[in-house]
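Take a look at the letters that make up each chain.
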Amino acid sequence: MIANLDALLEASVRTATPLALAALGETVVERAGVINIGLEGIILAGAFGALVGASAGAVGGIAAGVLAGVATAAVFAAFALGARADQIIVGTAVTLLATGITGTVYRTAYGATGAALTIPTVAPLPIPVLSDIPLVGRALFAQPAFTYAAYLLVPALWWFLYRTHMGLALRAVGEAPEAARTVGIRERRLRLGAVLFGGMLGGASGASLVLAQSGTFAEGMSAGRGFIAIAIVVLGRWHPVGVGLAAVLFGVASALQFFFQAMGWQLPYQLFLLLPYALTLVLLGVRRGRGAAPAALGQA
Amino acid sequence: MSRIHRAGWSSVALPLAVLSLSLVLLAGVLHLAGYDAERALVALWRGSFGSTHAFASATLVRATPLLLAGLGVALAFRAGIWNIGAEGQLLAGAAAATGVSVLLADMPRLLLVPMVLAAGVLAGTLWASIAEGLRRRRGVLEVISTIMLNFVALHLVGVLVHGPLQEPLGIYPQSAPIVDAARLPRIVPGTRLHAGFAIALLVAPALWWWLRSTAAGFRLRAVGANPDAATIAGRIDAARVAGLAFLVGGGLAGLAGAVEVSGVTFALYESLSPGYGYTAIVVALLGRLDPLAIVPSAILFGALESGALAMQRDAGIPSVVVTAIEAVLVLAVVLADRWAASRRLPNDSGGGPPDAAREAPKVTPSPTPSIA
């Protein structure tokens, strides 16, 4: 039982990591008043970038993943911010674009199955002392570097959003762009910066899927994580701490399937697959979301 | 949303121009990637419009769910509702249609087929009503809830075909084939084209007429153009009208699922829809949310996707490349729209209020988030 619980916790944190990275990036994006549902495509591009870059080692994989994420976010920015086109439509198109391009290039370069294609995953980095804490130590502190990056991002983003001038300006843009403009805030530049930052973290999220989890790429391997990350931002009420916690909650809901399997429960596994999505819906319904949303969210 | 909807010649000419451009782009990219571009385009043509059989059995069959679901998406979009959930609504419709076919297998065709289709409509409506309820009562963004519901629907179908609806032998993750009496008749002998296409072809002009000529249709258009103005000047319950459009749209997507089961697959399984509900969004957008223009738009995408499969067979080009083309089409249409809007703006001589007026900044200061 204890061993199972330990495994559950470990799996929760592992599952939560890519979600947290993507959702924290999207938090900044949405705080600037932009909703980017192209995040799904950004994660996918990041995963594919990591696959390509991994031939130059893990660092190359991360760099290429982040770069691919930023490039995909730049496409979104060009249309949604540059041309002021509708953000939902552009986001949908960006996801389709990433799906089409990564799928086509992958099959062209690696064949239809790509079965032989495995790349070494980055090993967990146990943190001395902390990883020896009973019960939670290994689950929290014997994870790959991506997880620690997510840990550090939570306080860093909190500090940025609530303790810096730029963070204040960013939130002002998300709440009242007109008012922000009148006091000399460069609205478009901030939004662009936010979207590219979101692309960076989305790319890192995709890279973590390849480099820290599966060790390979599969078509459409983002598997809805970008959409889940956007729901996590709402659940976490657009606040880094809340978003971090919501990501963990989602990780637990996803990891429960391993737990129940280990406990020998006989239930169709599809029930567990749908649990996280159903839970998100229930939680969104229980918590009133819109009150905390940036007032100018989604407006061109 | 109203910015996307522009009737007139451009709703036919622009998509055609954009499509030609995308095909040229596709040929260029394929050539650069080392494929035989000419062979690819020939295969694309052969698999879509090249023969009566390809056109009826592949293109039009594939266009049918796209048309129905696309109309559903367009209806919601016209009312300002971001229904990204056509995929889930379609799957709900397919599941319900299969369930009714199994439960009422002994009924005569004349009764069973209508009931199967009605079950699809009902299930799609119910599935959309979850998101609508969350939106109306709890303020949950429908973009997010509908996407979540897509995944829930997909996995629920998985539960069904591994459990209650699994075929009697219990080997394959799919339902037993539905009885003959639950199947839609074929309408062109020697092809796979079924009556579902005819139904979809009837729904489109009906919806067009309804939007254009009825009071309810007018209210919907008013709400989509400007919900505040519709509420104040027209005393319209904007939330109610938008909700109704959402539900009816869900019903149409559900019908698409039922038609797919009853006309094509004859069984329920998890991969029943190759993303019809998502392509339907593109179909609706390229049809400029105009029910009549969505007909050629759906046929176009039916052709593109059928042709892509032929391209994969004959020229070894991954069919997923059409997904990228779809994206380019959407982005190009969006860009052309913005361009047209910016050109119209300076000397707008009365075709409705200029865009800037519609996008007038809100003067009321918004409250700071409670957490901040």
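Only a predicted model underlies this, so the values are computations on that prediction, with no experimental measurement involved. (Residues numbered from 1 in each chain as written. Chains lettered and ligands numbered in written order. Predicted model: local features only at pLDDT ≥ 70, side-chain atom pairs only at ≥ 80, totals over all residues. Heavy atoms only, no water.)

Student: Provide a residue-level description of the overall build of chain B, including the pertinent values.
Tutor: Along its length, chain B carries 14 helices and zero strands. Burial statistics for chain B: of 372 residues in total, 55% are counted as buried. Just so you have it, chain B exposes about 15800 Å², and 66% of that area is on carbon and sulfur atoms. (Helix = DSSP H or I, 4+ residues; strand = E, 2+ residues; numbered from the N terminus. Buried < 20%, exposed > 50% of the residue type's maximum accessible area, 1.4 Å probe, protein only. Areas by Shrake-Rupley, 256 points an atom, 1.4 Å probe, with all protein chains shown as cover.)

Student: Provide a residue-level description of the overall build of chain A, including the pertinent values.
Tutor: Secondary structure assignment for chain A yields twelve helices and two strands. Starting at the N terminus and ending at the C terminus, chain A contains elements arranged as α-α-α-α-β-α-β-α-α-α-α-α-α-α. Taking 300 residues into account, the globule formula puts the C-alpha radius of gyration at 19 Å, and chain A, at 19 Å, falls close to it. For the C-alpha atoms alone, the extent of chain A along its principal axes is close to 60 × 45 × 40 Å. Out of the 300 residues belonging to chain A, those deemed buried represent 57%. Sequence separation of at least 24 residues holds for 74% of the intrachain contacts in chain A that already meet a minimum separation of 6. Working note: accessible area of chain A is about 11700 Å², and carbon and sulfur atoms make up 71% of it. Side chains of chain A carry 17 positive and 11 negative charges; the gap between the two charge centres is 7 Å. (Rg over C-alpha atoms; globule rule 2.2 N^0.38 Å. Contact = heavy atoms within 4.5 Å. Lys, Arg positive; Asp, Glu negative; His and termini not counted. Charge placed at Lys NZ, Arg CZ, Asp CG, Glu CD.)

Student: Lay out the packing of helix H2 (residues 39-53) of chain A against helix H4 (residues 87-110) of chain A in plain terms, naming residues and giving numbers.
Tutor: Residue and element names in this part refer to chain A. Between H2 and H4, the least distance of the axes is 7 Å, while the angle of their chain directions is 25 degrees. Between H2 and H4, the angle falls in the class roughly parallel. H2 and H4 meet at a crossing whose hand is left-handed. Together, Glu40, Gly41, Leu44, Ala45, Phe48, Leu51 and Val52 of H2 and Val94, Thr95, Ala98, Thr99, Thr102, Val105, Tyr106 and Tyr110 of H4 make up the contact between the two elements. Across the contact of H2 with H4, the residue classes break down as ten nonpolar, four polar and one charged. (Axes fitted to C-alpha atoms, helices over the stretch in contact; angles between N-to-C directions. Parallel < 35°, antiparallel > 145°, perpendicular 65-115°, else oblique. Left-handed = near helix turned anticlockwise from the far one by under 90°. Nonpolar A, V, L, I, M, F, W, Y, C, P; charged D, E, K, R; others polar.)

Student: Quick rundown of the pattern of salt bridges? Include the residues and the values.
Tutor: All names here are of chain A. Counting across every chain of the model gives ten salt bridges over all chains. The salt bridge involving Arg181 is made with Glu178; its shortest N-O contact spans 3.7 Å. Residue Arg181 and its partner Glu178 are both found in helix H8 (residues 177-182); the two are separated by three residues, about one turn of the helix. Linked by salt bridges that have partners in common, Glu178, Arg181, Glu187 and Arg191 make up one network. (Salt bridge = Lys/Arg side-chain N within 4 Å of Asp/Glu carboxyl O.)

Student: Can you explain the environment of A:Gly57? Please cite residues and give values.
Tutor: Residue and element names in this part refer to chain A. If you trace the backbone, Gly57 turns up in helix H3 (residues 57-82). With relative accessibility at 30%, the residue Gly57 sits in the partly exposed group. When the C-alpha atoms of Gly57 and Ile119 are compared, they prove to be 9.2 Å apart, with 62 residues separating the residues in sequence.

Student: Before we move on, can you summarise unusual backbone geometry with the specific residues and values?
Tutor: At A:Arg237, a position not held by glycine, the phi torsion is positive, near 55 degrees. Residue classification places A:Arg237 among the buried positions, given a relative accessible area of 19%.

Student: So what about the interface of chain A and chain B? Which residues, and what values?
Tutor: At the interface, 54 residues of chain A touch 51 residues of chain B. Buried surface at the junction of chain A and chain B, summed over both partners, amounts to about 4500 Å²; 76% is from carbon and sulfur atoms. At the junction of chain A with chain B, the criterion picks out zero salt bridges. At the junction of chain A with chain B, the criterion picks out eight residue pairs in polar contact (both at pLDDT 80 or more). Elements represented by at least two residues in the side of chain A that touches chain B include exactly H3, H4, helix H7 (165-175), helix H10 (225-235) and helix H12 (269-286) of chain A. Classifying every residue of the side of chain A that touches chain B gives 31 nonpolar, twelve polar and eleven charged. (Buried area = accessible area lost by both parts, 1.4 Å probe. Polar contact = N/O pair within 3.5 Å; in protein donor to acceptor, adjacent residues only side chain to side chain.)

Student: Summarise the packing of aromatic side chains; cite the residues concerned and give the values.
Tutor: All names here are of chain A. Within this structure, the stated rule accounts for ten aromatic pairs over all chains. Their ring planes at 40 degrees and their centres at 5.5 Å tell us that Tyr106 and Tyr110 sit as a pair that is tilted. In this pair, Tyr106 and Tyr110 both sit in helix H4, four residues apart, roughly one turn of the helix. Taken together, Phe48, Tyr106, Tyr110 and Phe217 form an aromatic cluster joined through their ring pairs. (Phe/Tyr/Trp six-rings, centres within 6.5 Å; stacked < 30°, edge-to-face > 60°.)

Student: I'd like to hear about helix H11 (residues 240-262) of chain A, residue by residue, with values.
Tutor: Residue and element names in this part refer to chain A. With 23 residues, H11 extends 33 Å from end C-alpha to end C-alpha; this agrees with the ideal 33 Å at 1.5 Å per step. At Ala255, H11 is bent by approximately 35 degrees, the largest bend along its length. Positive phi shows up at Gly264, right after H11, with a value of about 80 degrees. (Expected span 1.5 Å × (residues − 1). Bend = angle between axes of the 7 residues up to and from the residue.)

Student: Any chance you could break down a nonpolar patch on the surface for me, citing the residues and the numbers?
Tutor: Residue and element names in this part refer to chain A. Residues Trp158, Trp159, Val241 and Leu245 make up a contiguous nonpolar surface patch of about 420 Å² in total accessible area. Where the nonpolar patch is concerned, the elements lending two or more residues are helix H6 (145-163) and H11. Mapped onto the fold, Trp159 is located in helix H6. (Patch = residues over 30% accessible without salt bridge, like charges linked within 9 Å, V, L, I, M, F, W, Y side chains within 5 Å.)

Student: Describe the environment of A:Gly111, and please don't skip the residues or the numbers.
Tutor: Residues and elements named next belong to chain A. Relative to the assigned elements, Gly111 resides in the loop between H4 and strand S1 (125-126). Under the relative-accessibility criterion, Gly111 is labelled partly exposed at 27%. Linking Gly111 and Ile89, residues 22 residues apart in sequence, is a C-alpha distance of 32 Å.

Student: Before we move on, can you summarise the nonpolar core with the specific residues and values?
Tutor: Core analysis: the biggest nonpolar cluster contains 204 residues, and A:Phe217 and A:Ile232 have the highest contact counts within it. When residues in this core are grouped by element, the largest group, 14 residues, is from helix H3 (residues 52-78) of chain B. Not counting residues up to four positions away in its chain, the partners in contact with A:Phe217 are A:Leu44, A:Ala47, A:Phe48, A:Leu51, A:Thr102, A:Tyr106 and A:Val210. If you look at the next biggest cluster of nonpolar residues, it comprises six residues, including A:Leu8, A:Ala11, A:Ala255 and A:Phe259. (Core = buried A, V, L, I, M, F, W, Y, C linked by side-chain atoms within 4.5 Å.)

Student: Describe the packing of helix H4 (residues 86-103) of chain B against helix H6 (residues 142-162) of chain B, with residues and values.
Tutor: Residue and element names in this part refer to chain B. Axis separation between H4 and H6 bottoms out at 7 Å; the angle between their running directions is 25 degrees. Regarding the angle of H4 to H6, the classification is roughly parallel. Helix-helix and strand crossings are classified by hand; for H4 and H6 the assignment is left-handed. Every residue of H6 that contacts H4 at Ala86, Glu87, Gly88, Leu91 and Ala95 is listed here: Leu149, Asn150, Ala153, Leu154, Val157 and Leu160. Taken together, the residues of the contact of H4 with H6 sort by class into eight nonpolar, two polar and one charged.

Student: Give a description of the environment of B:Gly254 that names residues and reports values.
Tutor: Residues and elements named next belong to chain B. Along the chain, Gly254 turns up in helix H10 (residues 238-265). When its relative accessible area of 0% is taken as the criterion, Gly254 is described as buried. Sequence spacing of Gly254 and Gly307 is 53 residues, and the spatial spacing of their C-alpha atoms is 26 Å.

Student: Give a detailed account of the side chain of A:Glu26, specifying residues and quantitative values.
Tutor: Following the sequence through the fold, A:Glu26 ends up in helix H1 (residues 2-31). No salt bridge is formed by the buried A:Glu26, whose closest oppositely charged neighbour, A:Arg31, lies at an N-O distance of 12 Å.

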